[in-house]
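The primary structure of each chain is shown beneath.
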Amino acid sequence: MSTPPDNLPVYRVLTGPDDETFCRRVSETLALGYQLHGGPAVTFNGDRVIVAQALLWPTD
């Protein structure tokens, strides 16, 4: 079984405003080899839309 690079955890949750920066963070994590785990969670904090996306390092 391979491990994530740079001592990153096997399970990650990225959160932040629903903007280009967040999308780039998710895209960069996918490019490292992580896989999406379910769909994003979305909420509104009264000012902006906030998203969360779980990602897993593949085990096979």
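These numbers come from a predicted model, not from an experiment.

Cut-offs used in this document
Residues numbered from 1 in each chain as written. Predicted model: local features only at pLDDT ≥ 70, side-chain atom pairs only at ≥ 80, totals over all residues. Heavy atoms only, no water. Helix = DSSP H or I, 4+ residues; strand = E, 2+ residues; numbered from the N terminus. Buried < 20%, exposed > 50% of the residue type's maximum accessible area, 1.4 Å probe, protein only. Lys, Arg positive; Asp, Glu negative; His and termini not counted. Salt bridge = Lys/Arg side-chain N within 4 Å of Asp/Glu carboxyl O. Contact = heavy atoms within 4.5 Å. Expected span 1.5 Å × (residues − 1). Arc of directions from axis to C-beta. Polar contact = N/O pair within 3.5 Å; in protein donor to acceptor, adjacent residues only side chain to side chain.

We now examine the side chain of Arg-12. Checked against the element boundaries, Arg-12 lands in strand β1 (residues 11–17). The charged side chain of Arg-12 is buried without a salt bridge, its nearest counter-charge being Glu-28 at 8.2 Å. If sequence neighbours within four positions are ignored, Arg-12 has contacts with Thr-29, Leu-32, Tyr-34, Gln-53, Ala-54 and Leu-55.

Glancing now at helix α1 (residues 20–32). A rise of 1.5 Å per residue sets the reference length of α1, with its 13 residues, at 18 Å; its end C-alpha atoms lie 18 Å apart and thus fit the reference within 8%. Of all the positions in α1, only Phe-22, Val-26 and Thr-29 are classed as buried. When α1 is viewed along its axis, its buried side chains cluster within an angular range of 60 degrees and face the same direction. Along α1, the residues that are exposed and aim more than 90 degrees away from the buried face are Glu-20, Thr-21, Glu-28 and Ala-31. Considering only its buried residues, α1 is in contact with β1, β2 (35–36) and β4 (49–56). One side-chain oxygen of the residue at the start of α1 lies 3.2 Å from the amide nitrogen of Thr-21, identifying that residue as Asp-19. Positioned one or two residues after α1, Gly-33 has a phi angle of 125 degrees, which is positive.

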